[in-house]
There are 2 protein chains.
Amino acid sequence: MRKESSANTLNRNKISNNCGMAYTLDVIGGRWKPTILWSLLNGKLRYSELKKSIPDVSERILVLQLRELEKDGLINRLVYAEVPPRVEYELTKDGASLQPMLQIISEWGDIHRPKKTKD
Amino acid sequence: MRKESSANTLNRNKISNNCGMAYTLDVIGGRWKPTILWSLLNGKLRYSELKKSIPDVSERILVLQLRELEKDGLINRLVYAEVPPRVEYELTKDGASLQPMLQIISEWGDIHRPKKTKD
DNA sequence: TAGAGTACTGACAAAAATGTAAGTAATGAG
DNA sequence: CTCATTACTTACATTTTTGTCAGTACTCTA
């Protein structure tokens, strides 16, 4: 009985379902997701380590983005029953399979991004 | 004297300036941009042809996305002084250079997108 | 009993992205 | 004079994303 969707969401889903490109951009397209994925390419990290390596993100958003990446099957959340708590994040197989693509996306950006003249 | 920016925009710009990946996702990341770019890979199209090939997008948004792609140097807008007006859009050199990347993004999505069971 | 440490959560607010619907300018055809 | 055609624009509304800030649960240590 829940509201199925706005035109906005309907469009998003329709495109994602019909276009691999849109689907991919959907799952890696959050503000901090590329940075998170990039950080995890070298191995798993604790929540606190992620936070330290991405100082500008607020905790709420960081958690949101991690949850979405988890839901989309790109990362695993490993909880250890310890005190104080320990939670580690790592790429799944699907997540790791992004690497070559991320590399190429990154290179295209580095080449085509307008050059800064100073600062 | 203008408002420089919200934390939101500041973060966006900071990331884009430091990370090629984020920059790329920024310029191709609008709702309809991948579809537009994809459509233009085969050659230039008139505004009305684009609209026909992307029936779900509203005119306002289509124009917005085209303007952004133009601003970011991915497409050219060719205006012919005719009546009724004729405007064609084509990829720039930079825009065309996206092709291999888009291909890879698309393939990743096609492989990893959850399969639909029906419909 | 009072912190310290970790990984969050919740209420709220602001900003950005997207969408709807109607209107515009110019001119040639009828 | 009216209508069709094309490529938009404008005013407005809604939805989604991102951000701020304070608080929580759990235990070990001092």
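Residues numbered from 1 in each chain as written. Chains lettered and ligands numbered in written order. Predicted model: local features only at pLDDT ≥ 70, side-chain atom pairs only at ≥ 80, totals over all residues. Heavy atoms only, no water.

Chemist: Any chance you could explain the protein's contact with DNA strand D here in plain terms?
Modeler: If you check the shell around DNA strand D, you find 28 residues, and the closest are Thr9(A), Arg60(A), Asn11(B), Glu59(B) and Arg77(B). The sugar-phosphate share of atoms of DNA strand D within 4 Å of the protein amounts to 70%. One of the side-chain N or O atoms of Arg60(A) is found 2.6 Å from a base oxygen in DNA strand D. For the surface near DNA strand D, the secondary-structure elements that each account for two or more residues are α1 (7-18) and α5 (59-71) of chain A together with α1 (7-18), α4 (47-53), α5 (59-71) and β3 (86-91) of chain B. It is α5(B) that provides the largest number of residues to the surface near DNA strand D, a total of four residues. Class assignment for the residues of the surface near DNA strand D results in ten nonpolar, eight polar and ten charged. (Near = heavy atom within 4 Å. Polar contact = N/O pair within 3.5 Å; in protein donor to acceptor, adjacent residues only side chain to side chain. Helix = DSSP H or I, 4+ residues; strand = E, 2+ residues; numbered from the N terminus. Nonpolar A, V, L, I, M, F, W, Y, C, P; charged D, E, K, R; others polar.)

Chemist: Is there a simple way to think about the protein's contact with DNA strand C in this case?
Modeler: Taken together, 28 residues lie around DNA strand C, and Asn11(A), Glu59(A), Arg77(A), Thr9(B) and Arg60(B) are the ones closest in. A breakdown of the atoms of DNA strand C within 4 Å of the protein gives sugar and phosphate a share of 71%. Counting residues per element, the ones that place at least two in the surface near DNA strand C are α1, α4 (47-53), α5 and β3 (86-91) of chain A together with α1 and α5 of chain B. Here the surface near DNA strand C takes four residues from α5(A), the largest share from any one element. Per-class residue counts for the surface near DNA strand C are ten nonpolar, eight polar and ten charged.

Chemist: Help me understand the interface of chain B and chain A, please; the structure alone is not making it clear to me.
Modeler: Listed as interface residues are 38 residues of chain B and, on the opposing side, 38 residues of chain A. Buried area between chain B and chain A, both sides added, is near 3500 Å², and the carbon and sulfur share of it is 67%. Linking chain B with chain A are two salt bridges. Among the salt bridges present, the one from Asp56(A) reaches Lys14(B), with a minimum N-O distance of 2.8 Å. The tally of links from chain B across to chain A stands at 16 residue pairs in polar contact (both at pLDDT 80 or more). (Contact = heavy atoms within 4.5 Å. Buried area = accessible area lost by both parts, 1.4 Å probe. Salt bridge = Lys/Arg side-chain N within 4 Å of Asp/Glu carboxyl O.)

Chemist: How should the relation of the copies chain B and chain A be read in this particular structure?
Modeler: Comparison of the two chain copies shows a relationship of rotation about an axis with a shift along it. Mapping chain B onto chain A calls for a screw motion: a turn of 180° about the axis and a shift of 0.0 Å along it, with 0.0 Å RMSD after fitting. Taken together, the rotation angle and the small translation identify this as a two-fold axis. A share of 100% of interface residues in chain B that are also interface residues in chain A marks the association as one of identical surfaces. (Least-squares fit on C-alpha atoms with pLDDT ≥ 70 in both.)

Chemist: Any chance you could explain the sheet that holds strand β2 (residues 75-80) of chain B here in plain terms?
Modeler: Sheet strands associate in pairs through backbone hydrogen bonding, adopting either a parallel or an antiparallel arrangement. Residues and elements named next belong to chain B. Read across the sheet, three strands follow the order β1-β3-β2 without closing on themselves; strand pairing throughout is antiparallel. The outermost strands of the open sheet, each flanked by one partner alone, are β1 (45-46) and β2. Where β1 lies against β3, two bridges are found, and the strand directions are antiparallel. When the bridges of β3 are listed, Arg46 appears paired with Glu88. Across the face of the sheet, helix α3 (residues 33-40) comes into contact with β1, β2 and β3 while running at roughly 95° to β3. (Pairing = 2+ DSSP bridges. Axes fitted to C-alpha atoms, helices over the stretch in contact; angles between N-to-C directions.)

Chemist: What's the story with the side chain of Ser16(A) in this structure? I'm lost.
Modeler: Structurally, Ser16(A) is set in helix α1. Those residues within four positions of Ser16(A) in sequence are excluded, and the remaining contacts are Ala22(A), Tyr23(A), Asp26(A) and Arg113(B).

Chemist: What is the right way to look at the sheet that holds strand β2 (residues 75-80) of chain A in this model?
Modeler: All names here are of chain A. As summarised here, the arrangement of the three strands in space is β1-β3-β2, forming an open sheet in which the pairing is antiparallel. The open sheet has two edge strands, β1 (45-46) and β2, and neither has a second partner. Note: β2 against β3, six bridges, orientation antiparallel. Looking at β3, one finds that Leu78 is bridged to Glu88.

Purely spatial values, then, with no claim about function.
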